[in-house]
Amino acid sequence: MKLFLPKNESINKSEISRIFWVASFFAIFAVVCVHIQMANKYMARTFSALACVAVPIFLIRSGYYLNYSDPPLKFWKKKLLNIIIPWIVVGTIIYINTLLFENNVGSFKGYLLYIAGYNTWI
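The structure displayed is predicted, hence computed values, not measured ones.

Quick look at helix H4 (residues 108–116) now. Of all the positions in H4, only Tyr 111, Tyr 114 and Ile 115 are classed as buried. Seen end-on, H4 carries its buried residues on one side only, within an arc spanning 95 degrees. Residues of H4 that are exposed and point over 90 degrees away from its buried face: Lys 109 and Ala 116. Contacts made by the buried residues of H4 are with helix H3 (72–102). Where H4 terminates, the next one or two residues include Gly 117, which has phi positive at roughly 100 degrees.

What follows is the structure, given as C-alpha cells:
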C-alpha cells in the first residue's frame with residue numbers, strides 16, 4: 001500500500017476497508033487491554049497510551065462509513081432507535097441494580113449523571 005499517491009492514482013474502497021479493519025483490530029485490542037486490571041504499571045501505561053489512539057481510530061472509521069445519502073430525519077431516527085434508546089434502557093437497568101445491591105439512595109440528578117457516564121463504566 002502506498003501512503004502518498006500521485007494525483008492520478010487512487011486507493012479503491014476494498015483496500016481502504018482492509019486498512020480500517022486492521023486499524024480497528026488494534027484499536028479494539030488496545031481498549032480491551034486498558035479495561036483489564038493490570039498488575040504491571042508499565043504495561044498499564046503502555047496500553048493507556050495505545051487507547052489514546054484507539055478512540056480517534058473509531059471516530060475516523062465511523063465517519064468514513066457514515067451514509068450521507070439518508071435525509072437528516074431518517075439518520076437521527078436510526079440513531080435514536082439503535083443507540084440512544086438501548087443506552088437509556090440498559091443504563092437504567094444497571095442504575096437500579098446498583099441502587100439495590102449497594103444500598104444507595106438514588107436521585108434524579110444521580111440517575112442522569114449515571115446515564116451520562118459520570119464515574120461509571122457507561
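Time to look at the confidence of the model for the protein. When pLDDT is averaged across the protein, the result is 77; 81% of the residues are at 70 or more. Per-element mean pLDDT across the protein ranges from 76 in helix H2 (residues 41–64) up to 87 in H3.

Cut-offs applied
- Residues numbered from 1 in each chain as written.
- Predicted model: local features only at pLDDT ≥ 70, side-chain atom pairs only at ≥ 80, totals over all residues.
- Heavy atoms only, no water.
- Buried < 20%, exposed > 50% of the residue type's maximum accessible area, 1.4 Å probe, protein only.
- Helix = DSSP H or I, 4+ residues; strand = E, 2+ residues; numbered from the N terminus.
- Arc of directions from axis to C-beta.
- Contact = heavy atoms within 4.5 Å.
- pLDDT = per-residue confidence, 0-100.

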